[in-house]
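# Architecture at a glance
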Amino acid sequence: MNNYDLKVSGNIADLKNRTFIKGTIFIKNGKIIKIVKTKNVVEKYILPGLIDSHVHIESSMLIPSEFAKIAVRHGTVGVVSDPHEIANVMGIKGIDLMIKNGKKVTFKFYFGAPSCVPATNFETSGYNINPEEIENLLKSDNIFFLSEMMNFPGVIYKDKEVHEKLNLAKKYNKKIDGHAPGLSGENLKKYINTGITTDHECFSKKEALEKIKLGMKIQIREGSAAKNFKTLYELIDEYPEKVMLCTDDSHPDDLLKGHINNIIKSGIKKNVDFFNLLQAATLNPIKHYNLDVGLLQKNDPADFIVVDDLKSFNILETYIDGKLVFKNGKSFIETIEEKEINNFKRTKIINEDIKIKNKKHKKIKVIEIVEGELITKKISVKPKTENNFIVTDIVHDILKIVVASRYDNSKPSIGFVKNFGLKNGAIASSIAHDSHNIIAVGTNDKDIIKAINKIIELKGGIVACNKNEIEFLKLNVAGIMSNSSCEIVAEKYCKLNSFAYKLGAKLKAPFMTLSFMALLVIPELKIGDKGLFDVNKFNFTSIFE
């Protein structure tokens, strides 16, 4: 009788010695019990399973179990996940749902305690997680770190509640994730000196180098909207122990195509040292967060992937705790029926709610989108007016943008945005970081109203419309996720994107970009449900110059 449950042979990655050995891995009870050198093995490569070092699962619009089902196809065995999005809508109840649902499948979810719920006090949110609740979370074995501290002004200027949360993380010996786009100099030192250990918001190599030299680890992000790999990939060879890989926010259509494996492929094309790439995707996050994920060593959990070669990097098989979860194009993660939860109180709006009078100022402030980035610019333009109201200027691509609270019936806020490119219709979503109010952009008030009211009717979703045409995706879990499969969600999402492109959208990810226009912690100019927001001054600003 065999004294093992499973054996797998091939070229086995030895990260410690940075080499491959031809051998066979023997597995029993989910652990590697021995690795034996073997001369004649199939020419395939066995590597540690990949880890996303920073992700918001909610951005995939999938519940964790459905996310896992697709992620294992791409060789991902674990994720370091911040449930910040659902926490802003549902609070502790939402975090509990994510943890419990994730435990129902064979996949390694490592959830954090969201540090900034709400992200700011300048928008209407569904919940406020106070320090006492943070402590209860950090005490739990289900919580592995304090999630990204987005309120960097609160850190720097010693906000009492912010520092109370930071101190609690240190009390329970849990890592603290950062979020400090563009922060440098003395303020960056103050930020890091509080114990914050990572950052995934670097937009330049110079910024990343400064943070590395001050002791931070940099998570190189390649998501659906923000793509920083091309700018930062050289750091993988220059500082192999200081970098990790992450997606942060990945929409379902992109997740169908790939995950961390796609970042590995990009690194291979850039001739990055393969073992440095592998270290960034496995060893570094495991060590940093103290994850119970194996690295192909004796007595490790049997978490590994099999790939065809080190150039094509096609995933053939994925194993988690010795269990085969993916092979031959098929995921063996089971489907879990999850209950619906939500927090949606808004009633429908009318045209008068989104009109804005021209106060005879010569110019207005406009949000200028930067393709592929979360940052925006602030520009001044002469507004187009009709009947003394400021309206969309399609010729100059200055479109009206509206944010309406989903949690009450307060008056929507109105602004203008450049670089969406729409020539007709409107698009809207109840995914609007971080409080997930309703956000819409469009070429005319009638379609904007129609799109917003469809979101309200659905109690959460994504909509594109033009006159009598309408496409939508209902998000029945907290208004930000679906409990359908990735394939179903991605198909509907792709239809919505196609509709947006037909309306003239020129951005690669129009809906994800729209969702970040309400993210009040990323410079320069954004819009929340309470008004236009100058992130550099960290306060509201008038639309008028």
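To be clear, the structure that these remarks concern was listed above.
Just so it is clear, the structure is predicted and the values come from calculations on it, not from any experiment.

### A few points about the overall build of the protein chain
Each helix and strand counted, the protein chain has 17 helices and 29 strands in total. A compact globule built from 545 residues should have a C-alpha radius of gyration of about 24 Å, and the protein chain, at 24 Å, falls within 12% of that. Dimensions of the protein chain, computed from the C-alpha atoms along their principal axes, are close to 85 × 50 × 45 Å. Counting all 545 residues of the protein chain, 64% fall into the buried class. The long-range fraction of contacts in the protein chain, counting pairs at least 24 apart against all pairs at least 6 apart in sequence, stands at 69%. Positive and negative side-chain charges of the protein chain, numbering 80 and 66 respectively, have mean locations separated by a distance of 1 Å.

### Thoughts on the sheet that holds strand S15 (residues 323–327)
Picture the strands of a sheet paired through backbone hydrogen bonds; they go either parallel or antiparallel. Ordered by their spatial adjacency, 8 strands build an open sheet running S3-S2-S1-S4-S13-S14-S15-S16, and the pairing between neighbours is mixed. Only two strands of the sheet have a single neighbouring strand rather than two, namely strand S3 (31–37) and strand S16 (330–331). Sheet analysis places strand S4 (residues 45–48) next to strand S13 (residues 304–307), joined by 4 bridges and oriented antiparallel. Bridged to tyrosine 45 within S13 is valine 307.

### Some words on the sheet that holds strand S10 (residues 198–199)
Reading across the sheet, the 3 strands line up as S10-S11-S12 and stay open at both edges, with parallel pairing between neighbours. Looking at which strands have only one partner, the edges of the open sheet turn out to be S10 and strand S12 (243–246). Here strand S11 (residues 217–221) pairs with S12 via 4 bridges, running parallel. Looking at S12, one finds that arginine 221 is bridged to cysteine 246.

### Things to note about the environment of asparagine 343
Residue position: asparagine 343 is located in the loop between S16 and strand S17 (364–369). A C-alpha to C-alpha distance of 26 Å links asparagine 343 and asparagine 497, two positions 154 residues apart in sequence. Ignoring sequence-local partners within four residues, the contact set of asparagine 343 consists of Val89, Met90, Gly126, Arg406 and Tyr407. A distance of 3.0 Å separates the side chain of asparagine 343 from the backbone oxygen of valine 89, its partner in a polar contact.

### Here we look at the pairing of S17
Burial analysis of S17 places 6 of its 6 residues in the buried class, the great majority of the element. Side chains of S17 alternate between two faces, with Ile364, Val366 and Glu368 and Lys365, Ile367 and Ile369 buried alike. Sheet topology note: the S17/strand S18 (residues 376–381) ladder contains 6 bridges and is antiparallel. Directly across from isoleucine 367, in S18, lies its bridge partner lysine 378. Taken together, S17 and the strand that follows it, S18, pair antiparallel across an intervening segment of 6 residues, in which glycine 372 is found at a positive phi of about 80°.

Procedures and definitions
- Along each chain, the written sequence defines residue order, and numbers are assigned to residues from 1.
- Per-residue local features of the predicted model are confined to residues with pLDDT of at least 70, and side-chain atom pairs are confined, for both listing and counting, to 80 or more; whole-chain, interface and lining totals are unaffected and use all residues.
- Where side-chain values are given, they derive from all heavy atoms of the structure, hydrogens and water being excluded.
- Put simply, DSSP marks the helices as runs of H or I at least four residues long and the strands as runs of E at least two long, and each gets a number from the N terminus on.
- C-alpha atoms define the radius of gyration, and 2.2 Å times the number of residues to the power 0.38 defines the globule rule.
- Relative accessibility decides the category of a residue: with a 1.4 Å probe and only protein chains considered, values under 20% of the type maximum give buried, values over 50% give exposed, and everything between is partly exposed.
- Any two residues having at least one pair of non-hydrogen atoms within 4.5 Å are treated as being in contact.
- Positive residues here are Lys and Arg, negative ones are Asp and Glu, while His and the chain termini are left out of the count.
- Working definition for charges: the position is that of NZ of Lys, CZ of Arg, CG of Asp or CD of Glu.
- Being paired, for any two strands, means DSSP has found at least two bridges between them.
- Polar contacts, as used here, are pairs of N or O atoms within 3.5 Å; protein pairs need one atom able to donate a hydrogen and one able to accept it. Residues neighboring in sequence count only if both atoms are side-chain atoms.

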